[in-house]
Amino acid sequence: MPIKCAIIDDEPLARDLLESYVNRTPFLSLEGKYSSAITALKDVGEKQIRLLFLDIQMPDMNGMEFSRLIPPETRIIFTTAFQQYAVDGFRVNALDYLMKPINYSEFLRSANKALEWFRLTCQTPAEPTQPDFIYVKSDYKLVQIRLNDILYIEGLKDYLKIYVEDRPRPILSLISMKAMEERLPSPPFMRVHRSFIVHTAKVKTLDKGQILFGNCRIPVSDSYKNDFLQFLGEHTL
């Protein structure tokens, strides 16, 4: 999305020059140009302007005073003919400072600095990643199980049997089916029976409405049948 910007300068020639520079810069969108800070104040908030090319020496209200009134998310590139204001400009956290007369290469350098600042600060935070393993208590120890290695889970009253690839015997753990179901990501895990949760990516064979894992036949109960049939429909040619 282009950066919404505005020009505030009491000199008509300076405004027109900056407008021509903005129009030449594809990642900038000019939302307004103003001859005084007072006339721009309302629009900065209403138009959600994010970048100002702001003159310092202006009547009524100068650029430094104006910079303290705008929303903090709106950033400033000061433009002025007076070098003496450079330090003051950076004290109000300006992104950059352009000395008049301004040529396009200098303008583009400052605009690119603004673009980089918005890229770094406005990125959407990454979604937290789902851990690819769980720990379960088994025989008074904590055992790590990779989620992708789980074939299916069988509930036995207060205990669970966790069947894992390449293990001759299941891992026995004191945990309820409800707690395990809430802990596992869905998909790929799906509860298909009061006593069974399966890893759907590991389901290789079905026979007469039952899921086969080796010699084990897992029934799909009526309570969970609709979700399982929907899963099958989405993956059946």
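Residues numbered from 1 in each chain as written. Predicted model: local features only at pLDDT ≥ 70, side-chain atom pairs only at ≥ 80, totals over all residues. Heavy atoms only, no water.

Caption draft 1: Seen up close, the overall build of the protein. Scanning the protein for helices and strands turns up seven helices and 15 strands. Taking 18 Å as the expected radius of gyration for a compact globule of 237 residues, we find that the protein reaches 32 Å, considerably beyond that expectation. For the protein, the spread of C-alpha atoms along the principal axes amounts to about 85 × 45 × 30 Å. Partitioning the intrachain contacts of the protein with sequence separation of at least 6 by distance along the chain shows that 48% fall at a separation of at least 24. Put simply, the protein shows about 14500 Å² of open surface, and 52% of that area lies on carbon and sulfur atoms. Positive and negative side-chain charges in the protein, numbering 30 and 30 respectively, have mean positions lying 9 Å apart. (Helix = DSSP H or I, 4+ residues; strand = E, 2+ residues; numbered from the N terminus. Rg over C-alpha atoms; globule rule 2.2 N^0.38 Å. Contact = heavy atoms within 4.5 Å. Areas by Shrake-Rupley, 256 points an atom, 1.4 Å probe, with all protein chains shown as cover. Lys, Arg positive; Asp, Glu negative; His and termini not counted. Charge placed at Lys NZ, Arg CZ, Asp CG, Glu CD.)

Caption draft 2: Highlighting unusual backbone geometry. The omega angle of the peptide bond from Ser-186 to Pro-187 is -10°, so this bond is cis rather than trans. Within the secondary structure, Pro-187 sits in the loop between α6 (177-183) and β11 (189-193). Put simply, Pro-187 and Pro-188 share a cis peptide bond, and its omega is 10°. Turning to its location among the elements, Pro-188 is positioned in the loop between α6 and β11. Here the phi dihedral of Gln-48 falls at roughly 55°; this positive angle occurs in a residue that is not glycine. By the secondary structure assignment, Gln-48 is in the loop between α2 (37-46) and β3 (51-55). Its identity as a non-glycine residue notwithstanding, Asp-166 has a phi of 65°, on the positive side. Note that Asp-166 resides in the loop between β9 (159-164) and β10 (171-174). A relative accessible area of 80% places Asp-166 in the exposed class. (Buried < 20%, exposed > 50% of the residue type's maximum accessible area, 1.4 Å probe, protein only.)

Caption draft 3: Expanded view of the packing of aromatic side chains. Per the stated rule, a full pass over the model turns up ten aromatic pairs. Each ring, one from Trp-117 and one from Phe-118, has its centre 5.1 Å from the other, and the planes form 90°; the classification is edge-to-face. When its relative accessible area of 27% is taken as the criterion, Trp-117 is described as partly exposed. Here Phe-118 falls in the buried class, since its relative accessible area comes to 10%. Centre to centre, the rings of Phe-228 and Phe-231 are 5.9 Å apart; their planes meet at 35°, and the pair counts as tilted. Of this pair, Phe-228 and Phe-231 both sit in helix α7 (residues 222-234), three residues apart, which is roughly one turn of the helix. Here Phe-228 and Phe-231 have matching classes, each one buried. Among the aromatic residues, those joined into a cluster by ring pairs are Tyr-21, Phe-53, Tyr-104 and Phe-107. The ring of Tyr-104 has Arg-24 lying over it, and the distance from NZ or CZ to the ring centre is 3.9 Å. Directly above the ring of Trp-117 sits Arg-75, whose terminal nitrogen or CZ lies 4.3 Å from the centroid. (Phe/Tyr/Trp six-rings, centres within 6.5 Å; stacked < 30°, edge-to-face > 60°. Lys NZ or Arg CZ within 6 Å of the ring centre and 35° of its normal.)

Caption draft 4: Quick look at the sheet that holds strand β8 (residues 150-156). Read from one edge to the other, the open sheet built from five strands follows the order β10-β9-β8-β12-β11, with strand pairing classed as antiparallel. Both edges of this open sheet fall to β10 and β11, since each of them pairs with a single strand only. Put simply, the sheet's adjacent strands are angled 20° from each other on average, direction ignored. Here β8 runs beside β9; their pairing, made up of six bridges, is antiparallel. Looking at β9, one finds that Ile-153 is bridged to Ile-162. (Pairing = 2+ DSSP bridges. Axes fitted to C-alpha atoms, helices over the stretch in contact; angles between N-to-C directions.)

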